[in-house]
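Architecture at a glance
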Amino acid sequence: MISQIGVAVAFFMCFDLCISEIYVLDDEVGLGRVFDGIGGLSGGGATSRLLVNYAEPYRRQILDYLFKPQFGASLHILKVEIGGDAQTTDGTEPSHMHYESDENYFRGYEWWLMKEAKKRNPNITLIGLPWAFPGWVGRGKNWPYDFPDITASYVVSWVVGAKQYHDLDIDYVGIWNERKFDSNYIKVLRNTLDKIGLTGVGIIAADGNWDVSKDMDVDPYLKDAVEVIGAHYPGTTTIAEALKSQKTLWSSEDYSTFNDPVGGGCWARILNQNYVNGHMTATISWNLVASYYEDLPFGRDGLMTAEEPWSGNYVVESPIWITAHTTQFSQPGWTYLKTVGHLTHGGSYVALTDSKGNLTVVIETMTHDHSVCIRPPLPAFSVTPQNVSFKLNGSFASIRELQLWQSKFDFKTQKHVFFKKLSPIKISYGSFSLSLDVDEVYTLTTINTGQKGTYPDPPPSAPFPKVYKDDFNIANPPFSEAPDFADQTGVFEYYINLTDPGPHVFTLRQVVTQMPITWATDADQTISVIGDYNWENLTVTCDVFMESVKTGGVFIAARVDRGGQAVRGAKGVFFWVFADGSYKVTNDLVGRTVLAKGLSGTSAYSWYTLSLTVQGQYATGMVNGEQLWKNDVVLGQHNGWAAIGTNSFELAQFDNFVMEVK
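Residues numbered from 1 in each chain as written. Predicted model: local features only at pLDDT ≥ 70, side-chain atom pairs only at ≥ 80, totals over all residues. Heavy atoms only, no water.

Identification of the chain as Galactocerebrosidase from Esox lucius is taken from an unreviewed UniProt entry. Comment text from UniProt for the chain, heading Subcellular location (unreviewed entry), reads "Lysosome". Recorded in UniProt under Function (unreviewed entry), the annotation for the chain is "Hydrolyzes the galactose ester bonds of glycolipids such as galactosylceramide and galactosylsphingosine." (UniProt positions renumbered as here; feature names shortened; annotations may be inferred.)

Rendered as structure tokens:
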């Protein structure tokens, strides 16, 4: 009797699992939309800041995992920030035009990154998007579109400079749309590009929501100007007006999720379902690589992690291999089949073809709790183990074998398996079957060039050095930023001080003199952070030089507790000196909580050596070796970064920077 009951229970438990659902893959019923690729986003802002400081061979290895075809993520698209001198999430990126008569196409690291991507994949699609603008573009207003000709010329100059100075052909430019897109500006930008022969540079609009498609419905000139409708974090869905437009639809910024296995699950789900649900033919991850201090906003929200150039350590996270399931076996220009969709017991599948006999099928069965993205909220759904069968019709009927790759998330044992090549699947009578568990990704493909690239393990993780010195004495620096400094408001660049024949010829200079136009909240003071967020007791020493008579002011700081979009509220220990001969010590960047103040004897156009020591609850400061105050009580903040900065958007120089942790 017991055995009969057991058989009956087993039968009913097996019924759903043991009977295969049949899915047809057929190109004779027509094809879907053209696949445009999968990409990563550097910027928005300063998300690749630490990458450039890696020594070789580790920097080259990281780039290979991102861009090298048939090796790692094998990305098809690289989108970069057109720097605007402003805080745009995790830091500032320098503009190619700090002011209207200024042009410099070697600032920052995005030029270098695009060239490195092109070196590995000459066919990679390049996109530029300004998240912010130098203040001069707005003519005194915190809005870039009141003077559309000026803004369009500014953006187009970046496109021209990319070609003229770096031989980079930019394929698309995006529209800054953090508040509201401006349809007139889009048309002016299109005309500006066309007038100088850049008709092949497409416009992505409006890099926000789908609302631009509603305006296209009544504005044919706007519709003609836009090549791609791009949305941010669309939750795998579009709106009727976007579909009606017949325009190419992209998720032009997505993911933004901590890159642990749940983040990998998020990425697996949206890569498939952005097309299945929303007909989006490209998905771009914010961000490309988490190469910024982890305690800044959205720490480790990249496809991989490279946040320790001082140690050389980096981590190839699960999103790299989830990306490979699609990118290594399909290319931009391939076409989705119309026969794609959801699996009966949860999950989804897509199929792509090059119309030359090749077929790639990607299946994901990610469960709800193991695929939650940071945004938008994810409605409930269920996924259960299931058997599936696929019938190959049309030109695929003659296929006899498919290569098989698997990733399996195991949240019970934490022994995950990513991008593993399994034995090929034999096609019998035009069909094949699979037993699918939950939280899996499979690729079945006629392409046999897939590879899980590997390098020897990088060095182990290590904290930031406890003793750090930089005299900035580099005559021809490879990048405009000093290693490991992360600008949070303002831009600190290498500078050659030709007026100083003494020891301060090569310095670091804060160069932004006007509040930029930004959707984030820049501080009224400029600040660049460096070091280990967990540091408590340390001494910071730096030579400083103010260039604003009477109104100038600079600081060095310790225990700075925040940056990024929250930088205005930064607390810590800030030691300020001013060109009017005074000093103060504050517990906040805005300078409201004053611990000490007095006379410093400082003025503009002279060098001074500042020293700040924080030990336990007390702080002590010196100018040129003379103590200004001792053992003032530090309020509240117990740890954080070191920092340098200025009292306003003003010119100032820094030299001989030293940190020593107690």
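Quick look at the pattern of salt bridges now. Inspection of the entire model under this criterion finds 22 salt bridges. The shortest N-O distance in the salt bridge between Arg120 and Asp64 comes to 2.6 Å. Residue Arg120 is located in helix α3 (residues 110–120), and its partner Asp64 is located in helix α2 (residues 58–67); the two are separated by 56 residues in the primary sequence. The pair Arg120 / Asp64 is uniform in exposure class, with both members buried. In this structure, a network of salt bridges that share partners links the residues Asp64, Glu116, Lys119 and Arg120. (Salt bridge = Lys/Arg side-chain N within 4 Å of Asp/Glu carboxyl O. Helix = DSSP H or I, 4+ residues; strand = E, 2+ residues; numbered from the N terminus. Buried < 20%, exposed > 50% of the residue type's maximum accessible area, 1.4 Å probe, protein only.)

Now for the environment of Ser395. Along the chain, the position of Ser395 falls in the loop between β18 (386–392) and β19 (401–408). Between the alpha carbons of Ser395 and Lys195 there is a distance of 45 Å; along the sequence they are 200 residues apart. At 2.4 Å, the side chain of Ser395 and the side chain of Asp27 are in polar contact. (Polar contact = N/O pair within 3.5 Å; in protein donor to acceptor, adjacent residues only side chain to side chain.)

This part is about the packing of aromatic side chains. Describing an aromatic ring pair means giving the distance of the ring centres and the angle of the ring planes. The full count for this structure, using the stated rule, is 48 aromatic pairs. Ring geometry for Tyr23 against Phe390: centres 5.5 Å apart, planes inclined by 35°, an arrangement best described as tilted. Within this pair, whereas Tyr23 is found in strand β1 (residues 21–25), its partner Phe390 is found in strand β18, the two being separated by 367 residues in sequence. Accessibility assignment for this pair places Tyr23 and Phe390 in one class, buried. Aromatic pair Phe390 and Phe432: ring centres 5.3 Å apart, planes at 20°, arrangement stacked. One end of the pair, Phe390, is in strand β18; the other, Phe432, is in strand β21 (residues 431–436), and 42 residues separate them in sequence. Each of the two residues, Phe390 as well as Phe432, counts as buried. A connected cluster of aromatic rings, assembled from ring pairs, spans Tyr65, Phe71, Tyr314, Trp321, Phe329, Trp405, Phe419 and Tyr455. (Phe/Tyr/Trp six-rings, centres within 6.5 Å; stacked < 30°, edge-to-face > 60°.)

Glancing now at the sheet that holds strand β33 (residues 594–599). Reading across from one edge, β24-β28-β37-β30-β31-β32-β33 is the order of the 7 strands in this open sheet, with antiparallel pairing throughout. In this open sheet, the two strands that pair with only one neighbour each are β24 (486–489) and β33. On average, each strand axis in the sheet is inclined to that of its neighbour by 20°, with strand direction left out of account. Here β24 pairs with strand β28 (residues 526–530) via 3 bridges, running antiparallel. Bridging from a neighbouring strand, Asp487 pairs with Ser528 of β28. (Pairing = 2+ DSSP bridges. Axes fitted to C-alpha atoms, helices over the stretch in contact; angles between N-to-C directions.)

Here Thr413 shows up in the loop between β19 and β20 (417–426). Relative accessible area serves as the criterion here: at 44%, Thr413 is assigned to the partly exposed category. At a separation of 3.0 Å, a polar atom in the side chain of Thr413 contacts the side chain of Asp410. Among the polar contacts listed, one links the side chain of Thr413 to the backbone nitrogen of Lys415, at a separation of 3.1 Å.

With parallel pairing, the 8 strands of this closed barrel are ordered in space as β3-β4-β5-β7-β8-β9-β10-β11. Each strand of the sheet is rotated relative to its neighbour by a mean of 25°, with strand direction disregarded. One ladder, built from 5 bridges, connects strand β9 (residues 228–232) with strand β10 (residues 248–255); its direction is parallel. Following the sheet pairing, Ala231 is matched in β10 by Ser251.

Quick look at empty space enclosed by the protein now. This structure, assessed with the given rule, holds 4 cavities of 30 Å³ or more. The computed volume of the largest cavity comes to approximately 110 Å³. Along its surface, the largest cavity is lined by 13 residues, and Gly83, Pro94, Arg107, Glu110 and Trp111 are the ones closest to its centre. Classifying every residue of the lining of the largest cavity gives 4 nonpolar, 5 polar and 4 charged. When its volume is computed, the second largest cavity comes out at roughly 70 Å³. (1 Å grid on protein atoms, 1.4 Å probe; cavity = no way out; pocket = protein on both sides within 12 Å on 5 of 7 lines; lining within 4 Å. Points joined across faces, edges and corners; volume = space filled by probe spheres on them. Nonpolar A, V, L, I, M, F, W, Y, C, P; charged D, E, K, R; others polar.)

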